[in-house]
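Each chain is listed here by its residues.
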Amino acid sequence: MIRLLGYFFGVGAVLVLAAAAGVAIYVGNLTSDLPDYEVLARYEPPVTTRIHASDGSLMSEFAREKRLYLPIQAVPDRVKAAFLSAEDKDFFNHPGVDATGLLRAVITNLQNFGSGRRLVGASTITQQVAKNFLLSSEQTVDRKLREMILAFRIEQAYSKDRILELYLNEIYFGLGAYGIASAALTYFDKSVNELTLNEIAYLAALPKGPSNYHPYRHTERAIERRNWVLDQMLANGYITSEDAENAKASDLGMNPRRGSNYLFASEYFTEEVRREIIGRYGEDALYEAGLYVRTTLDPELQLQARKALHNGLIRYDTLRGFRGPVDRIDMSGDWGIPLGEVDGLNDLREWRLAVVLDASSDQVEVGLKPSRQDSGDLSPDRETGVINVDDMQWALRHVVDGSLVRANSPAEVLNPGDVVYVEQKEDQGSEFVLRQVPEIGGALVAMDPHTGRVLTMVGGFSYDQSEFNRATQAQRQPGSAFKPVVYSAALDNGYTPASVVLDAPVSIRIGNEVWEPKNYGGSFAGPSTLRAGIERSRNLMTVRLANDMGMNLVAEYAERFGLYDEMQPHIAMSLGSGETTVMRMVTAYAIMANGGKQIQPSLIDRIQDRYGKTVFKHDTRACQLCEADGWNNQPEPEVVDDREQVLDPMTAYQITSMMEGVVQRGTAASVSELGRPIAGKTGTTNDEKDAWFIGYTPDLVVGVFMGYDRPRPMGKGSTGGGLAAPVFKEFMAGALEGTRPVDFRIPEGMQQVAIDRKTGMRAEAGQPGVIMESFKPGTGPADSYWVIGMDELNVSENAREISPQVNRAISTGAGGLF
């Protein structure tokens, strides 16, 4: 008997040893290729890049996983308590695996065996960290055991706070939100510190299954799960019964953050910044590196710029008549349902889509597109309004089969079922104005001329309609807006504002062809000063001036100003036939405004990485004494401005003074109504395909462009002075409101000399036709009357025919026929 017992004991011992060896081999195989948990020490999760305006307003966020990393020290204790109660109440007591919870899960799974129910995992927070960071989500015994082994190792290597920090920043909450900070913003538009107990409990309920507790699709289930979390917090002593009951009495309190672009009217600016960041650091940095980007955008000026450009584009477009409805819908049932499915332009928040319900001789009744509720469903409410005939007079001229037809009443223009845009009249309740998205495009850029900071940028009428940025991407001919570059080159190389150039027809042979440019309107003025030439935007004078000094010099200055990377020195380029962008044109004028200093336009002030370290700063000027700890009678700090001087400061003032004349009595005289010192230049290209105005005060440069995306004539009289200048004027009226006028700074040494404004000769101050002109030291009015271009051999036959008129102007000392 004893021998038999010994035999069984020996067999048992062998089996135990074999089982132990098998377990050891199995565990060894499991651990042989375990991921390196030490990567958690170097963990840098994908974090949202945030773009802010100059005043700190949030413009946009970019992320593959919407996440804002939050250190555990910044997480409120009540938030920690909610997640511990919901996920792992013994987190601070177990070594990574909760044996009691694991046993409970095993019993539950055995009871549910064969029922088809999902296995209960009983994972601790540490195990979830191991799974989320290092393992897959497959539901197998092998993966579970590997998870447990890693959990033990993680607990030995990291503190409980570090593990909880990793967990709260990694988990997915639904609606695209990763981490507790992002979830608070996504669901409630709050920071973590602002969350109420009700909101905290709901967020703690989500990690178990965000889609199962969706706030709109499964509201009752979500509330039930939230209440369970509150009960657990109460049972664990984190809250009182009163706290729990008050929180349970609340609804979910959803206040979801809308979209990814938060600052209104900043879409074009934001997209340009996005492209710049990708160009600098790559796409992964934008979507994962958690950059903090502080831009140069001034939100208030941006709204004013958008409004001014919109008004200018609408003003032009309405004169061309109504082109028809946006869409048509079936009116046989509830019109709100099909109207709700019509896509509108979301960035036109002042406008609404509406369907025509009835049209009569004096008004149109419309039904407004229903809004969408937070759940995504259309509102059941139906709102109506009217468009009086006086508020759609422009549309009575409507396009039919490509021709403009005059209608007698609204009923001849609109029919029931037509979908149109309307805008509510101010303080008029249910009265609306008929609107139409303009076909014509445009852009407006405003810049600080001293720093190159782009304060506003509007790249078109609607970003939703077209993402093409007409401020930076559209290559357009600047026309006469290029002339200040030609005149600056001349003034920098021996010419003066009083130099006289012949304004008369000219022929220039280019290869086998003869080019005969003309002034706008076809007239000419005979000999005229450079000042008169730029004020009246004389093409013939500009061509003669460029030809006299040489196009190579003009090309050199155009490249200095940054208008072109490499400009071909063809004579036609002197009239702005070379294509460039609004941004480049504004930058060139900024150089004239700041006294000739080279600048680099910038949309970004500063970029910081996820740790707050500055990785880019636009202003790179040195200031050695700016970082002093205290005042010890040292000299005042000075910012060293080592930027290149691309234009003589005196030349910059001369061209500025001449362009003041454009505003005071030239092609942009309407801008003078602002009553401010403003310099600027209009630009209109052949056949009125492009209209420009670029102007500036001593501290603000603004460029406006208007034209069709596919260039075509805009109509006779569609000039820079008629289209673009009014937009500039409206914007500047708002931008300068509340500021005092500032005169342009006259460089030291400039001489003010009285001259005859027609001949450019010295004259007696105070006499009619006499102006004060600015001259550099060592220069002044000519001692004898000399006209550039009178001795040229390439004057056209037409010019010879009018030579008696030209000669009469010369003999009487009249340099120009105004």
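As the structure is a prediction and not an experimental result, all values here were calculated from the model.

Conventions adopted
Residues numbered from 1 in each chain as written. Predicted model: local features only at pLDDT ≥ 70, side-chain atom pairs only at ≥ 80, totals over all residues. Heavy atoms only, no water. Helix = DSSP H or I, 4+ residues; strand = E, 2+ residues; numbered from the N terminus. Buried < 20%, exposed > 50% of the residue type's maximum accessible area, 1.4 Å probe, protein only. Contact = heavy atoms within 4.5 Å. Areas by Shrake-Rupley, 256 points an atom, 1.4 Å probe, with all protein chains shown as cover. Pairing = 2+ DSSP bridges. Axes fitted to C-alpha atoms, helices over the stretch in contact; angles between N-to-C directions. Phe/Tyr/Trp six-rings, centres within 6.5 Å; stacked < 30°, edge-to-face > 60°. Salt bridge = Lys/Arg side-chain N within 4 Å of Asp/Glu carboxyl O. Parallel < 35°, antiparallel > 145°, perpendicular 65-115°, else oblique. Nonpolar A, V, L, I, M, F, W, Y, C, P; charged D, E, K, R; others polar. pLDDT = per-residue confidence, 0-100. Left-handed = near helix turned anticlockwise from the far one by under 90°. Polar contact = N/O pair within 3.5 Å; in protein donor to acceptor, adjacent residues only side chain to side chain.

**Student:** Help me understand the overall build of the protein chain, please; the structure alone is not making it clear to me.
**Tutor:** The secondary structure content of the protein chain amounts to 23 helices and 28 strands. Taken over 818 residues, the protein chain has a buried fraction of 51%. Taking the intrachain contacts of the protein chain between residues at least 6 apart in sequence as the baseline, contacts between residues at least 24 apart amount to 70%. Carbon together with sulfur atoms contributes 48% to the accessible area of the protein chain, which is approximately 38300 Å² in total.

**Student:** Honestly, the sheet that holds strand β20 (residues 526–529) in this entry has me stumped. Any pointers?
**Tutor:** Consider a sheet: its strands pair through backbone hydrogen bonds, and that pairing is either parallel or antiparallel. Pairing in this open sheet of three strands is mixed, and the strands run β20-β17-β28 from one edge to the other. Among the strands making up the open sheet, the edge pair consists of β20 and β28 (787–788). Alignment of strand β17 (residues 500–503) against β20, held across four bridges, turns out to be antiparallel. The residue bridging Val500 from the neighbouring strand is Thr529, located in β20. On top of the sheet, helix α17 (residues 539–549) reaches β17, β20 and β28; it is set at about 125° to β17, its chief contact.

**Student:** Help me out: how do you make sense of helix α15 (residues 483–491) in this one?
**Tutor:** What sets the pattern is the α-helix's 3.6 residues per turn: residues three or four places apart point alike. Burial runs high along α15: nine of the nine residues are buried. Turning to α15, the residues buried within the fold contact α16 (530–535), α17, α18 (551–560), α19 (582–593), α20 (649–665) and β23 (679–684).

**Student:** Got a minute to help me understand the packing of aromatic side chains in this structure?
**Tutor:** The geometry of an aromatic ring pair is captured by two quantities: the separation of the ring centres and the angle between the planes. For the structure shown, the criterion picks out 17 aromatic pairs. Aromatic pair Phe91 and Phe92: ring centres 5.0 Å apart, planes at 75°, arrangement edge-to-face. Among the residues examined, Phe92 registers a relative accessible area of 46% and is labelled partly exposed. A centroid spacing of 5.9 Å and a plane angle of 75° characterise the contact between Phe322 and Trp394, whose relative ring orientation is edge-to-face.

**Student:** Would you take a moment to explain the environment of Asn686 for this structure?
**Tutor:** Assignment of secondary structure puts Asn686 in the loop between β23 and β24 (691–697). Classification of Asn686 by relative accessible area gives exposed; the value is 65%. Through-space distance from the C-alpha of Asn686 to that of Ser577 is 9.1 Å; in sequence the pair is 109 residues apart.

**Student:** Would you mind showing me how to read the pattern of salt bridges here?
**Tutor:** In a structure, side chains of opposite charge can pair up when their charged atoms sit close to one another. Within this structure, the stated rule accounts for 38 salt bridges. The shortest N-O distance in the salt bridge between Arg50 and Glu61 comes to 2.9 Å. You can see Arg50 sitting in strand β1 (residues 49–52) and its partner Glu61 sitting in strand β2 (residues 58–62), a full 11 residues away along the chain. Of the charged contacts, one joins Glu272 and Arg275 as a salt bridge, the two residues approaching to 2.4 Å between their closest N and O atoms. With a gap of three residues between them, Glu272 and Arg275 both fall in helix α11 (residues 267–281), about one helical turn apart. Given a relative accessible area of 28%, Arg275 falls into the partly exposed group. One network of salt bridges, in which partners are shared, links Arg64, Glu283, Asp284 and Glu288.

**Student:** Please clarify how the pairing of strand β21 (residues 604–608) should be interpreted in this entry.
**Tutor:** Regular strands place their side chains on alternate faces of the sheet. Sheet topology note: the strand β6 (residues 292–295)/β21 ladder contains four bridges and is antiparallel. Bridge pairing links Val293 to Ile607 in β21. Sheet topology note: the β21/strand β22 (residues 614–617) ladder contains three bridges and is antiparallel. Within the sheet, the bridge partner assigned to Gln608 lies in β22 and is Thr614. Counting the residues that bridge the hairpin from β21 to β22 gives five residues, and of these Gly612 lies at a positive phi of roughly 90°.

**Student:** Honestly, the packing of helix α8 (residues 197–205) against helix α9 (residues 219–235) in this entry has me stumped. Any pointers?
**Tutor:** The axes of two packed helices give the description: the angle between them and the distance between them. At a minimum axis separation of 8 Å, α8 and α9 run at an interaxial angle of 105°. Between α8 and α9, the crossing angle belongs to the class labelled roughly perpendicular. Between α8, through Leu197, Asn198, Ala201, Tyr202, Ala204 and Ala205, and α9, the contact on the second element is made entirely by Ala222, Arg225, Arg226, Val229, Leu230 and Met233. For the contact of α8 with α9, the per-class residue count stands at nine nonpolar, one polar and two charged.

**Student:** Looking at this structure, how should I read the pairing of strand β12 (residues 403–406)?
**Tutor:** Sheet analysis places strand β11 (residues 397–400) next to β12, joined by four bridges and oriented antiparallel. Looking at β12, one finds that Val400 is bridged to Ser403. Connecting β11 to the antiparallel partner β12 that follows it, the hairpin turn spans two residues, and Asp401 within it adopts a positive phi of roughly 55°.

**Student:** Can you walk me through the confidence of the model for the protein chain in this structure?
**Tutor:** The predicted coordinates ought not to be read in detail in places where the model reports low pLDDT. Mean pLDDT over the protein chain: 87, with 86% of residues reaching 70 or higher. Long-range and interchain partners of residues 793–818, a stretch whose pLDDT sits below 50, account for 47 contacts in this model, where long-range means more than four residues apart.

**Student:** Where do I start with the sheet that holds β2 in this structure?
**Tutor:** Spatially, five strands are ordered β2-β1-β6-β21-β22 in an open sheet, and the strand pairing comes out mixed. Only two strands of the sheet have a single partner each, and these edge strands are β2 and β22. The mean inter-strand angle of the sheet, taken between neighbouring strand axes irrespective of direction, is 15°.

**Student:** Looking at this structure, I do not really get α17. What am I missing?
**Tutor:** For α17, a buried count of nine out of 11 residues is recorded, marking the element as mostly surrounded by other parts of the structure. Residues of α17 that are buried: Asn539, Leu540, Met541, Thr542, Val543, Arg544, Leu545, Ala546 and Met549. After α17 finishes, the residue Gly550 shows a positive phi value of roughly 100°.

**Student:** Please explain the packing of helix α2 (residues 77–87) against α8 as it appears in this structure.
**Tutor:** Between α2 and α8, the shortest axis-to-axis distance is 9 Å and the interhelical angle comes to 40°. As the angle between them shows, α2 and α8 are arranged oblique. α2 and α8 meet at a crossing whose hand is right-handed. For the pair α2 and α8, the contacting residues are Arg78, Val79, Ala82, Phe83, Ala86 and Glu87 in the first and Leu197, Ile200, Leu203 and Ala204 in the second. Residue classes in the contact of α2 with α8 are distributed as eight nonpolar, no polar and two charged.

**Student:** When you look at unusual backbone geometry in this model, what are you seeing that I'm missing?
**Tutor:** Leaving glycine out, the prevailing phi sign among residues is negative, and the prevailing peptide bond configuration is trans. Notably, Asp189 is not glycine yet its phi reads approximately 55°, a positive angle. Mapped onto the elements, Asp189 comes out in the loop between α7 (180–188) and α8. With a relative accessible area of 35%, Asp189 lands in the partly exposed category. Of note in this structure, Asp687 is not a glycine but carries a positive phi near 65°. The topology assignment puts Asp687 in the loop between β23 and β24. Accessibility expressed as a relative area gives 48% for Asp687, which makes it partly exposed.

**Student:** What's the story with the environment of Ser537 in this structure? I'm lost.
**Tutor:** With respect to the element layout, Ser537 can be found in the loop between α16 and α17. On the basis of relative accessible area, Ser537 is assigned to the buried category, the value being 12%. Residues Ser537 and Lys681, spaced 144 residues apart in sequence, show a C-alpha to C-alpha distance of 8.4 Å. With near-sequence residues (within four places) excluded, Ser537 lies in contact with Ser480, Lys483, Thr667 and Lys681. In this structure the side chain of Ser537 is engaged in a polar contact, spanning 3.1 Å, whose partner is the side chain of Ser480.

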